[in-house]
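Analysis of the macromolecular model
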Amino acid sequence: MANTSQVITCKAAICWGAGKPVTVEEIQVDPPKATEVRVKIICASICHTDISYIQGLPYAKFPLVLGHEGVGIVESVGEQVKNLKEGDVVIPTYIGECEECENCVSGKTNLCLTYPVRLTGLLSDNTSRMSIRGQRLHHVLSCSTWSEYMVCDANYTLKLDPTIDPVHASFISCGFSTGFGAAWKEAKVESGTSVAVFGLGAVGLGAISGAKMLGATQIIGIDKNEMKREKGVAFGMTYFINPDDSPKSVSELVKELSGGTGVDYSFECTGVAPLLTESLEATKLGTGKTIAIGAGTEPIIPFGIVSLLYGRTLKGSVFGGLKAISDLSIVANKCEEFPLQELFTHEVPLIDINKAFELLKEPNCVKVVIKMPH
Ligand SMILES: [Zn+2]
Ligand SMILES: [Zn+2]
């Protein structure tokens with residue numbers, strides 16, 4: 001089994017501190033340690049959490065190499081790695097799955113206790129394999145996909161069918177799957193039910209896809225951007241609400257569309273504080289369930305407690321409750337059934353990464369793909 005012992009010098013997108021500009025610089029990537037793999041990234045994309053990290057939220061440790069959506073090819077493996085080999089196509093994940101800990105066995109959560117989300121931005125030995133001019137670089141959780149090479153633990157790595165389109169593989173590595181999983185694993189949407197999705201970025205469109213697959217008959221999409229109407233329809237949305245078209249609240253508009261009672265399930269994908277109460281209020285009294293998957297910029301938000309006391313359920317979720325190996329591989333195997341091409345609106349080379357942040361402000365932008373120099 002290959003294990004190149006050389007340090008690789010390559011280009012990566014670095015953020016040196018909260019709010020500082022992102023720079024593309026040469027970094028050094030050490031060979032993988034015993035349980036790790038070094039991955040040559042072939043395609044990456046931007047997810048909103050990267051933008052939060054640039055702003056220093058929620059767990060950013062600097063300096064860091066950005067990017068947590070991407071797909072690559074295993075370049076070399078540590079000597080204890082059994083399940084992966086050189087040349088395998090993989091998604092580096094930010095959550096592991098041991099199949100043995102209390103949480104993995106419970107079937108109730110994807111938050112593995114053996115391979116947890118790495119809030120330190122470092123690998124399990126509290127270091128990383130990346131450095132710049134001798135200084136240690138951090139990950140976004142345990143990923144750094146906006147780099148030509150990255151090293152991750154093999155237990156945070158999903159092996160993929162190599163025939164999957166790399167752009168689509170990148171899209172399912174975080175945003176889309178988070179929404180899809182929220183409908184599938186967290187809400188457990190049933191056939192014939194009604195759903196409202198707040199925010200139609202990749203996460204929201206994933207929630208629509210999940211709700212459609214599970215047989216929801218009424219799928220209401222909500223977004224202030226009129227261009228998202230067409231995207232929502234492509235993924236299975238049945239009604240569109242643009243809140244700017246009416247003086248009424250969004251929850252009132254949702255109730256009008258759902259027989260006055262509200263929907264069975266709602267998904268808050270924006271992280272915009274007042275919309276959490278609105279998304280709860282848009283669900284049925286007594287039985288409504290809201291899944292919060294939008295990462296906002298405020299750590300504590302005001303919240304309408306009465307909306308909750310009326311018997312509704314509010315559930316938070318990381319990665320849509322998807323287990324990083326068993327569930328994500330199912331999404332990967334199905335991914336050509338979803339119109340993922342609809343998400344792909346822009347592409348920039350790694351060196352022009354700052355242009356990507358401008359593109360994200362364009363109304364027609366859903367996902368920006370980052371092309372690697374190699
Ligand atoms: Zn586990
Ligand atoms: Zn993400």
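Residues numbered from 1 in each chain as written. Chains lettered and ligands numbered in written order. Predicted model: local features only at pLDDT ≥ 70, side-chain atom pairs only at ≥ 80, totals over all residues.

**Concerning the overall build of the chain**
From N to C terminus, the chain includes 11 helices and 18 strands. Against the compact-globule benchmark of 21 Å for 374 residues, the chain has a radius of gyration of 20 Å, which places it among compact chains. Dimensions of the chain, computed from the C-alpha atoms along their principal axes, are close to 65 × 45 × 40 Å. Across the 374 residues that make up the chain, the buried fraction comes to 51%. For the chain, contacts bridging at least 24 residues in sequence account for 71% of all contacts bridging at least 6. (Helix = DSSP H or I, 4+ residues; strand = E, 2+ residues; numbered from the N terminus. Rg over C-alpha atoms; globule rule 2.2 N^0.38 Å. Buried ≥ 20, exposed ≤ 12 C-beta atoms within 10 Å, placed from the backbone. Contact = placed C-beta atoms within 7 Å.)

**Considerations on the sheet that holds strand 2 (residues 22-29)**
Across the sheet, which stays open at both edges, the five strands sit in the order 4-1-2-7-8 with antiparallel pairing between neighbours. Single-partner strands in this sheet number two, and they are strand 4 (64-65) and strand 8 (135-136). (Pairing = 2+ DSSP bridges.)

**Here's the deal with helix 6 (residues 228-235)**
Within the span of helix 6, buried status applies to Lys228, Lys231, Gly232 and Phe235. Down the axis of helix 6, the smallest arc covering the buried residues is 100 degrees, so these residues share one side. Buried residues along helix 6 sit in contact with helix 5 (202-213), strand 12 (218-222) and strand 13 (239-241). Gly236 occupies a position one or two residues after helix 6 and carries a positive phi of about 125 degrees. (Arc of directions from axis to C-beta.)

**Observations regarding the UniProt feature "domain: Alcohol dehydrogenase-like C-terminal" (unreviewed entry) in the chain**
This chain's UniProt record puts "domain: Alcohol dehydrogenase-like C-terminal" (unreviewed entry) on residues 202-323. As annotated, residues 202-323 has a helix share of 34% and a strand share of 16%, and its two end C-alpha atoms lie 19 Å apart. (UniProt positions renumbered as here; feature names shortened; annotations may be inferred.)

**Description of unusual backbone geometry**
Cis geometry is adopted by the peptide bond preceding Pro63, which originates at Phe62 and carries an omega value of -10 degrees. Turning to its location among the elements, Pro63 is positioned in the loop between helix 1 (48-54) and strand 4. We note that Glu99 has phi near 70 degrees; this positive angle belongs to a residue other than glycine. Positionally, Glu99 belongs in the loop between strand 6 (89-92) and helix 2 (102-106). In this structure Glu99 comes out as exposed when scored by C-beta crowding, with 11 C-beta atoms within 10 Å. For Asn126, which is not glycine, the phi dihedral falls at a positive 60 degrees.

**Details of the nonpolar core**
Formed by 107 residues in total, the largest nonpolar core has its most connected members in Val65, Trp146, Val195, Ala196, Val197, Ala207 and Ile220. Both domain 1 (8-173 + 339-371) and domain 2 (175-319) contribute no fewer than three residues apiece to this core. In this structure, Trp146 is in contact with Ala12, Ala13, Ala44, Val65, Leu66, Gly67, Leu350, Ile353 and Ile370, ignoring residues within four places of it in sequence. (Core = buried A, V, L, I, M, F, W, Y, C linked by C-beta atoms within 7 Å. Domains from an automatic or database assignment.)

**Side note on helix 4 (residues 175-187)**
Over its 13 residues, helix 4 runs 17 Å from end to end, which matches the ideal 18 Å to within 8%, given 1.5 Å per residue. Of all the bends found along helix 4, the most pronounced is centred on Gly181 and spans about 40 degrees. With 13 of 13 residues buried, helix 4 lies mostly within the body of the structure. Lys188 lies just past helix 4 and shows a positive phi near 55 degrees. (Expected span 1.5 Å × (residues − 1). Bend = angle between axes of the 7 residues up to and from the residue.)

**Examining the domain arrangement of the chain**
Entries for the chain in the domain assignment read domain 1 (8-173 + 339-371) and domain 2 (175-319). One C-alpha centre belongs to domain 1, the other to domain 2; they are set 28 Å apart. Each side of the interface is counted separately: domain 1 has 22 residues, and domain 2 has 15 residues. Considered class by class, the residues forming the side of domain 1 that touches domain 2 number 13 nonpolar, six polar and three charged. (Nonpolar A, V, L, I, M, F, W, Y, C, P; charged D, E, K, R; others polar.)

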